[in-house]
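# Results of the structural survey
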Amino acid sequence: MGAAAFLIVVVGSRLMSDASVREFLRHGGYGAKVMHVRPAWFLLGVGLLFLVGCRAETSSSAAPQTKAASTAVAPSPLKPLTSSVKKSPGPSVRPQFTNLAPECGIDFTFFSDAVTDRFFLPEVMGGGAGWIDYDGDGRLDLFLLNGRPLKETESPAPEHVHRLYRNGGKSQFQEVTHAARVAHTAYGQGCAVGDYDADGFDDLFLTAFRGHQLLRNNGDGTFDDVTTQAGVSESLWSTSAAWFDADGDGDLDLFVATYLDVTFENTKICYYSGEPGYCGPGSYQAVPDRLYVNQGDGTFVESAESFGFVGADGKGLAVVAADLDHDLRPEVYVANDMAPNFLFTRAAPAGDEPTTSPHYSEIASTAGCAVSDMGNFEASMGISCADYDGDALPDIYLTHYFNHKNTLYRNLGNLTFFDDSRRTRVVATSFNSLGFGTVPLDYDQDGAIDLFVANGHVLGPRIKPNEMAPQLLRNDGSGRFDDVSQGAGPYFDDLWLGRGAAGADMDDDGDVDLAVTHLHRSVALLRNDTLTGRHFVGVDVRPLARHRAVGGRVVVTAGERRWTKPLMTAGSYLSSGDARLLFGLGESSQPVQVEIFWPSGRTDRFENLDPNRYWVFLEGKPPRVWLGASS
Amino acid sequence: MAWRQFINRTAFRKRLAAALAVVMAIACMVLMGLAYRAHQGLSRAHTLAELGLWSQARTELNRYVTLHPGADQARLLLAEAFVKDEALASNEAVPQAIAVLRQVRDNSPLAAQARLQEGRLELLLLHRPGRAEACFREAMAQPDGPLEASLLLWKTLDLTGRYYHVEPIFWRIFEQSPDERKHELLAEWYMSQFYPATGNADVQRSMGLLGAEDEASDDTELQCYVRFIEAEPDSPLGHAAAAHWYQFKGDPQKGLDVLDRGAAAIGHEPNDPFWLAARIRCLIELGEFEAADAQFQRWPKPHEGFEYWRARALVFDEVRGDFPGALAAYDQALTVWPGPMDWRLRNRRATCLTRSGNQSEAVAERTRAVAVEELSREEVHRRLRELLVTPQAEETRKEMAELYRKIGRPREAELWLAPVKRASG
């Protein structure tokens, strides 16, 4: 139609070559039909087109510069960003991670129940991992989610159970699944670790494709399934969850990100370049997220709507709870898949006490962290929340789909963000991968937060690329990232269908190790063996309420350098990491100052704390050195 | 002496004079015969052409133009004969046709036609949009520049991803076209505005770049660019168009690789704005800010148009952190088509406002961006495309006018609605 058709010609479908020119001519091309001008009016100069037209008419590794932390950072016009940022000269120390899983007793592959040509979406989502000191011995043990036959009419085999591995120290793990009574057989997705009953032992909330579960830690090495009696039983597709004190009453409430309404009845098959594959979230309806409010008596009441945890079209895969604006209260950020992300913040009128009239508002759009700077909503899978640029404010890194950039939302204070993915080279390091779990870690202890990203596609083996290499991204101190995966160990040279990732200092040596789950291959337990020669300080914060602190922040100062980390929970994808905070101190071996801005409003400041050890801070009490795991 | 006596003889003189006269007469007759034959050659060539005897026609025309160096009309026919003569290999024929057309001088009354045909050959047969564009522009610059040259230039710009240069060309075509055809042009303009890459399937089919049954898509768009690169490796156009495509698809590194290979093929870094824009965008995506700024500083004059203002906005915003400068550039870009519909750019302006500390205005701008994005949704345009089957229907006209009104394009809105208003008195 239209002007396109004013044109002409003939020709076959091939690119123009000798043969196609011949073909063109054979069909009368140039003179006879070329310039088959339509509409005819266009031939107002027809007499002139005596030839063609007429006849046709019939047819650097610099140390990070940190700014002083402040309790309320007002947004202000930024200085020009570092347009002169130089390329990083490369890591000053070579990263080295060793996959201990094969040798330390962990041999576990998530049972996805992937059936050829069924293309039932839950099959490709994988399962998460959680670090939890379930027996209170001071060592972090590893919990791994497992799947089961997705058709509930099919009975799960004995091996279709979650796994709990007890950390025996010296990189040895022993499976204690049945002894600990965690062998639940729902189709597991993720987990959230938190002491909801404040008995001193972390409990487990397990998300699932239909039938999430609350396991209460009895403190004797066993768990009880209290899902029903606690009032959190629901049959929906939950993915990631976060324990935090939503109403300020001192106990932990539970936010649960939910994904899609997918059943065997409404499941669909999509085609990619003619090949069948899994349909994405655009093909299904969203399921509203949940907020289970702790009643203090072991029961919960679902209160998402009344608390304001309501957002349109939330297809949540990851969540993080952290104080993003330095008001000590945690915000909740939800990564939605192919839908705008959510940022819930507690709206409190001036003078309102924190414990009254809790109401949250969803402000991601106005805050600038709902969609990319181009206005595109992205396929958000995982979250890594940390202060990447050293301005004391936690930024938000999100993993996204293949050939789509990952995104780094830079925090400007006062709950304003902008997409800073280009300057930071987040775009450059992400467009060829599809990221899921992601963990902030300072692998080289230089004081700049680096990133681990687990990658892998979702469309199945017929569509390439499918398996992908994981990434270790080094922060040069200015918030710019370079991929330093090559040479970081054999694990990084291999291709995986990476899913969950959880960071923890499992051997208490002052650096973050990683548990990474995959589809169709065993979990990896990556011990950080990077030889840095640098220093660290570990901070274990325990509020009066006896549960893990969420909200507020910790500031560590060593000489002229200062680092700020939020007290947060969740993040990554379907996974739960170490609650302790690790600060890389770089070359500084001098005593440090630690300031704790407690969620309660209290501020503690301690001077002259020796580095290269963990310190335990009980709210309102002097710190003590953590002496190591009990035998 | 005897000799002199001999030639002095009167009788001999007379004989010689007669012989010379005869020779001259014969020469004149021969010349007249040749002229006559040559003259007849042109009409014979036309006859042969009509019979499809292109080799013979070519022979006649070659003879004719040799004897008539100013016979540009014959050159146009000769060019056609070259292309149609199956005795010639096509890779020889088309370049020879172009060479013949090039012999038509710029001051010839047929120069516009010659350039138009040359451009047509370059675009449709040789797939060299860079050369084609130059030809179309030369044709348009002639006093009687044919409208078709403008039309083909429009298509060339769309096919190479430079749809934002089309607007002045479109209005020129529109104003010079008869009223009864304007509704078709408006429909075509809509397709060019909203579907520049895939809305030219007929042209792509004409070029052999798309099968008769194939639909234009993002992939075929890239295939076009690849073909342009193959056909015209020394032009920045194909490389830049492919680089823009890769950048938009989320692979700026591949975009940059294409440009690097292009620069190697061309022998230097082109100073072409389209090229520079592609390079700047890829470099910014990859976080190579210094290099992006250096490229921007090479931008040739004139400093105008959507491409320039967008590049300037991105450099000032992302690279230099000069937010007032960036906002001014965003404002300029948003006024030039496709700025009014570019909700992504509007979102970037909102981000710039956030970074400059103007959060309330950022929120307002984001709201405006969402409103524009709503008007870009496929559901909206699927409906409009269906309506365009009957572009003169009142319902079509009203809905098209409404779209243009909402996006702040009163001229198109009024043109769509004018017949409805006239009909209602």
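What you see is a predicted model; the values in this text were computed from it and never measured. (Residues numbered from 1 in each chain as written. Chains lettered and ligands numbered in written order. Predicted model: local features only at pLDDT ≥ 70, side-chain atom pairs only at ≥ 80, totals over all residues. Heavy atoms only, no water.)

Further remarks concern the overall build of chain A. From N to C terminus, chain A includes 9 helices and 39 strands. The buried share of chain A, taken over its 631 residues, is 64%. In the form shown here, chain A has an accessible surface area of approximately 21200 Å², with 51% of it arising from carbon and sulfur atoms. (Helix = DSSP H or I, 4+ residues; strand = E, 2+ residues; numbered from the N terminus. Buried < 20%, exposed > 50% of the residue type's maximum accessible area, 1.4 Å probe, protein only. Areas by Shrake-Rupley, 256 points an atom, 1.4 Å probe, with all protein chains shown as cover.)

The next subject is the overall build of chain B. Counting secondary structure elements, chain B contains 23 helices and 0 strands. In terms of overall size, chain B is more extended than a compact globule, its C-alpha atoms giving a radius of gyration of 30 Å where 425 residues would be expected to give roughly 22 Å. Overall, the C-alpha framework of chain B stretches about 120 × 60 × 40 Å when taken along its three principal axes. Counted over contacts in chain B with a minimum sequence separation of 6, partners at least 24 positions apart contribute 51%. (Rg over C-alpha atoms; globule rule 2.2 N^0.38 Å. Contact = heavy atoms within 4.5 Å.)

Residues and elements named next belong to chain A. Here strand 3 (residues 141-144) shows two buried faces, one formed by Asp141 and Phe143 and the other by Leu142 and Leu144. Sheet analysis places strand 2 (residues 129-132) next to strand 3, joined by 4 bridges and oriented antiparallel. Counted as the bridge partner of Ala129 is Leu144 from strand 3. Strand direction decides the pairing type here: strand 3 and strand 4 (residues 163-167), joined by 3 bridges, are antiparallel. Among the inter-strand pairings, Leu144 is bridged to a residue of strand 4, identified as Arg163. (Pairing = 2+ DSSP bridges.)

With that settled, the discussion passes to a nonpolar patch on the surface. Residues and elements named next belong to chain B. The grouping of Val22, Ile26, Val30, Leu31 and Leu34 at the surface amounts to a nonpolar patch, some 450 Å² of accessible area in total. Tracing the backbone through its elements, the reader meets Leu34 in helix 2 (residues 10-51). When its relative accessible area of 46% is taken as the criterion, Leu34 is described as partly exposed. (Patch = residues over 30% accessible without salt bridge, like charges linked within 9 Å, V, L, I, M, F, W, Y side chains within 5 Å. Salt bridge = Lys/Arg side-chain N within 4 Å of Asp/Glu carboxyl O.)

With that settled, consider the packing of aromatic side chains. All names here are of chain A. In the structure shown here, the tally under the stated rule is 44 aromatic pairs over all chains. Ring geometry for Phe309 versus Tyr360: centroids 4.5 Å apart, planes at 35°, classification tilted. Of the two residues, Phe309 sits in the loop between helix 7 (304-307) and strand 16 (316-322) while Tyr360 sits in strand 19 (residues 360-362), which places them 51 residues apart along the sequence. For the pair formed by Phe309 and Tyr360, the shared burial category is buried. (Phe/Tyr/Trp six-rings, centres within 6.5 Å; stacked < 30°, edge-to-face > 60°.)

Note on terminology: disulfide describes a covalent bond linking the sulfur atoms of two cysteines. Residues and elements named next belong to chain A. Tallying each qualifying case throughout the model produces 1 disulfide over all chains. Across the disulfide from Cys270 sits Cys279; the S-S distance is 2.0 Å. Measuring handedness by torsion sign, the sulfur bridge of Cys270 and Cys279 sits at about 105° and is right-handed. Look at Cys279 and you get buried, because its relative accessible area is 2%. As a non-bridged cysteine, Cys385 has Cys369 as the owner of its nearest cysteine sulfur, 11 Å distant. (Disulfide = S-S within 2.5 Å.)

Between the first and last C-alpha of helix 19 (residues 343-355) of chain B there are 18 Å, a value that for 13 residues agrees with the 18 Å anticipated at 1.5 Å per step. Across the 13 residues of helix 19 of chain B, 12 count as buried, placing the element largely inside the fold. Residues B:Trp343, B:Leu345, B:Arg346, B:Asn347, B:Arg348, B:Arg349, B:Ala350, B:Thr351, B:Cys352, B:Leu353, B:Thr354 and B:Arg355 constitute the buried set of helix 19 of chain B. Residues of helix 19 of chain B that are buried make contact with strand 22 (407-413) and strand 23 (416-419) of chain A together with helix 15 (273-285), helix 17 (305-319), helix 18 (323-335) and helix 20 (359-376) of chain B. (Expected span 1.5 Å × (residues − 1).)

Looking now at the side chain of A:Asn294. For A:Asn294, the location among the structural elements is in strand 14 (residues 290-294). Within the structure, A:Asn294 has its side chain in polar contact with the backbone nitrogen of A:Gly296 (distance 2.8 Å). (Polar contact = N/O pair within 3.5 Å; in protein donor to acceptor, adjacent residues only side chain to side chain.)

Okay, the pattern of salt bridges next. Following the criterion strictly, the structure yields 77 salt bridges over all chains and no others. Between A:Asp135 and A:Arg166 there is a salt bridge whose closest N-O contact spans 2.7 Å. A residue pair is termed long-range when its members are at least 10 positions apart, and A:Asp135 in the loop between strand 2 and strand 3 and A:Arg166 in strand 4 qualify at 31 residues. Notably, a salt bridge pairs B:Glu167 with B:Arg409, separated by 2.7 Å at the nearest N-O pair.

So, on to the sheet that holds strand 36 (residues 592-597) of chain A. Residues and elements named next belong to chain A. Taken together, the 4 strands give an open sheet; going across it, the order is 33-32-36-37, and neighbouring strands pair in antiparallel fashion. Where the open sheet ends on each side, the last strands, each with one partner, are strand 33 (561-566) and strand 37 (603-609). In this sheet, neighbouring strand axes are inclined to one another by 15° on average, regardless of whether the strands run parallel or antiparallel. Pairing geometry for strand 32 (residues 553-558) and strand 33, over 6 bridges, is antiparallel. Bridged to Val554 within strand 33 is Lys565. (Axes fitted to C-alpha atoms, helices over the stretch in contact; angles between N-to-C directions.)

Moving on, we get to the nonpolar core. With 102 residues, the main nonpolar core has B:Trp154, B:Phe170, B:Tyr190, B:Phe194 and B:Tyr404 as its most contacted residues. Excluding residues that lie within four positions of it along the chain, B:Tyr190 makes contacts with B:Tyr195, B:His381, B:Leu384, B:Arg385, B:Leu388, B:Met400, B:Leu403 and B:Tyr404. Judged by nonpolar contacts, the second largest core, of 30 residues, contains A:Val124, A:Cys279, A:Val458 and A:Met468. (Core = buried A, V, L, I, M, F, W, Y, C linked by side-chain atoms within 4.5 Å.)

Time to look at the packing of helix 6 (residues 111-125) of chain B against helix 7 (residues 129-141) of chain B. Residue and element names in this part refer to chain B. Relative orientation of the contacting elements helix 6 and helix 7 amounts to 165°, with a least axis distance of 8 Å. Comparing their axes, helix 7 and helix 6 come out roughly antiparallel. The hand of the helix 6/helix 7 crossing is left-handed. Between helix 6 and helix 7, the residues in contact are Ala112, Arg115, Leu116, Glu118, Gly119, Arg120, Glu122 and Leu123 and Pro129, Arg131, Ala132, Cys135, Phe136, Glu138 and Ala139, respectively. (Parallel < 35°, antiparallel > 145°, perpendicular 65-115°, else oblique. Left-handed = near helix turned anticlockwise from the far one by under 90°.)

Below, the discussion takes up the confidence of the model for chain B. Residues and elements named next belong to chain B. Residues of chain B with pLDDT of at least 70 account for 98%, and the chain-wide mean is 91. Per-element confidence in chain B is highest for helix 18, whose mean pLDDT is 97, and lowest for helix 1 (residues 2-7), whose mean pLDDT is 62. If you check the scores for this complex, the pTM reads 0.84 and the ipTM reads 0.80. (pLDDT = per-residue confidence, 0-100.)

Here the focus is the sheet that holds strand 28 (residues 498-504) of chain A. All names here are of chain A. If you walk across this open sheet you meet the 4 strands as 1-30-29-28, and the pairing is antiparallel. The sheet is open, and its two edges are formed by strand 1 (97-99) and strand 28, each paired on a single side. Sheet twist, expressed as the mean angle between neighbouring strand axes with direction ignored, is 25°. Pairing of strand 1 with strand 30 (residues 524-528), which is carried by 3 bridges, proceeds in the antiparallel orientation. By the bridge assignment, Phe97 is partnered in strand 30 with Asn528.

Low-pLDDT portions of the prediction should not be read for the details of their coordinates. When pLDDT is averaged along chain A, the result is 85; 84% of the residues meet or exceed 70. Counted against residues more than four places away or in other chains, residues 1-90 of chain A, with its pLDDT under 50, gives 282 contacts.

Further remarks concern the environment of A:Asp509. Residue and element names in this part refer to chain A. Inspection of the secondary structure puts Asp509 in the loop between strand 28 and strand 29 (513-518). The partly exposed category is assigned to Asp509, whose relative accessible area is 34%. Asp509 sits 48 residues away from Pro461 along the chain, and the two C-alpha atoms are 39 Å apart. Among residues more than four places away in sequence, those in contact with Asp509 are Asn528 and Phe536. Within polar-contact distance, the side chain of Asp509 engages the backbone nitrogen of Asp511 at 3.3 Å.

Regular strands have side chains that alternate between both faces of the sheet. Residue and element names in this part refer to chain A. In terms of burial, strand 35 (residues 581-586) is a largely internal element, 6 of the 6 residues being buried. Neither face of strand 35 is exposed, since Leu581, Phe583 and Leu585 on one face and Leu582, Gly584 and Gly586 on the opposite face are all buried. Alignment of strand 31 (residues 535-542) against strand 35, held across 5 bridges, turns out to be antiparallel. Of the residues in strand 35, the one forming a bridge with Phe536 is Gly584.

Residue and element names in this part refer to chain B. Between helix 19 and helix 20, whose axes approach to 8 Å, the crossing angle comes to 170°. With respect to helix 20, the element helix 19 is oriented roughly antiparallel. Residue-level inspection shows Trp343, Arg346, Asn347, Arg349, Ala350, Thr351, Leu353 and Thr354 of helix 19 in contact with helix 20, the latter providing Gln359, Glu361, Ala362, Glu365, Arg366, Arg368, Ala369, Val372, Glu373 and Ser376. A per-class count over the contact of helix 19 with helix 20 returns 6 nonpolar, 5 polar and 7 charged. (Nonpolar A, V, L, I, M, F, W, Y, C, P; charged D, E, K, R; others polar.)

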